[in-house]
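# Structure at a glance
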Amino acid sequence: KCISLQKGGWGYRPNSKVFSYEEIVQYLSNCVVRNVNLLLNVAPDREGVISQNQQEVLLKLGNWLNKVGSGIYNTRGGPWQPLYGEYGFTFRENKIYCHIYNGYRALKTGAFITQSIGKKKVQKVINLFDGKELKWVKNKDNTITISGVDYSENSAATILEITLTENVYQ
């Protein structure tokens, strides 16, 4: 997916509006859960200077990636299909990353329920943004219910890391 940080064009336009940090985080997260790359264009002026409003978004994005990058970098989309506007998943080795958006219908519950992990066992679950370990329970249908999720910490996307005792795919 190719987008320009600046709204309405790829080249420099003084005082142009830019996509918000939240919008760019959701673009990026929606791309990785679907195995898509994001090409994000910036529009510097003729001296190569990136405008302040673009810099602010990029710095916030970089700070977010410093906290949750393990759920983005070197991952693959899956193991389950995303639900547009609500959630999606990435994985690597023995970790599943749940990307949960502000459109998630059960946001107010402070919980998240995965799809079935089969016979696999969960070692721990953490919120990547703050590193806090979360309570979880494996249900009879082999789904995982994660509780105590603070969705207000990051309005753009909450990423939970589920660590399994074995790789997602053997």
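Scope of this entry: the structure provided in the associated data block. (Residues numbered from 1 in each chain as written. Predicted model: local features only at pLDDT ≥ 70, side-chain atom pairs only at ≥ 80, totals over all residues. Heavy atoms only, no water.)

Core analysis: the biggest nonpolar cluster contains 23 residues, and Ile24, Val25, Leu61, Trp64 and Ile159 have the highest contact counts within it. At the level of elements, α1 (21-32) and α2 (52-68) are the ones that each hand at least two residues to this core. Leaving out residues up to four positions away in the same chain, Ile24 has contacts with Ile3, Leu5, Phe19, Leu40, Val57 and Leu61. Within the second largest apolar cluster, 21 residues are counted, among which are Val125, Val149, Ile162 and Leu164. (Core = buried A, V, L, I, M, F, W, Y, C linked by side-chain atoms within 4.5 Å. Buried < 20%, exposed > 50% of the residue type's maximum accessible area, 1.4 Å probe, protein only. Helix = DSSP H or I, 4+ residues; strand = E, 2+ residues; numbered from the N terminus. Contact = heavy atoms within 4.5 Å.)

Here the focus is the pattern of salt bridges. This model, assessed by the stated rule, comprises 5 salt bridges. Across the pair Lys7 and Glu23 runs a salt bridge, and its minimum N-O distance is 3.9 Å. Of the two residues, Lys7 is situated in the loop between β1 (2-4) and α1 and Glu23 in helix α1; the sequence distance between them amounts to 16 residues. Across the pair Lys120 and Glu166 runs a salt bridge whose closest N-O atoms are separated by 3.5 Å. Of this pair, Lys120 sits in the loop between β6 (111-113) and β7 (122-127) while Glu166 sits in the segment after β10 (158-164), and the two are 46 residues apart along the sequence. (Salt bridge = Lys/Arg side-chain N within 4 Å of Asp/Glu carboxyl O.)

Once that is clear, we can look at the sheet that holds strand β5 (residues 95-100). Pairing is antiparallel in the open sheet, where 5 strands are placed in the order β3-β4-β5-β10-β7. The outermost strands of the open sheet, each flanked by one partner alone, are β3 (76-77) and β7. Here β5 pairs with β10 via 6 bridges, running antiparallel. Bridge assignment links Tyr97 to a residue of β10, and that residue is Glu161. (Pairing = 2+ DSSP bridges.)

Now for the sheet that holds strand β9 (residues 144-147). The sheet built from 3 strands is open, its strands ordered β6-β9-β8 with antiparallel pairing. Strand pairing shows two members of the sheet lacking a second neighbour, β6 and β8 (135-138), which therefore form its edges. Here the strands of the sheet are splayed against their neighbours by 15° on average, with no regard to which way each runs. With 3 bridges joining them, β6 and β9 adopt antiparallel strand pairing. Each bridged residue has a counterpart across the sheet, and for Phe112 the counterpart in β9 is Ile146. (Axes fitted to C-alpha atoms, helices over the stretch in contact; angles between N-to-C directions.)

Per the counting criterion, the structure on display carries 9 aromatic pairs. On the basis of an interplanar angle of 80° and a centroid distance of 6.0 Å, the ring pair of Tyr87 and Tyr104 is categorised as edge-to-face. Of the two residues, Tyr87 is situated in strand β4 (residues 87-92) and Tyr104 in the loop between β5 and β6; the sequence distance between them amounts to 17 residues. Each member of the pair, Tyr87 as well as Tyr104, carries the same accessibility label: buried. Among the aromatic side chains, those forming a connected cluster through ring pairs are Trp80, Tyr87, Phe89, Tyr104, Phe112 and Tyr151. Over the ring of Phe129 we find Lys67, and its NZ or CZ is 4.3 Å from the ring centre. (Phe/Tyr/Trp six-rings, centres within 6.5 Å; stacked < 30°, edge-to-face > 60°. Lys NZ or Arg CZ within 6 Å of the ring centre and 35° of its normal.)

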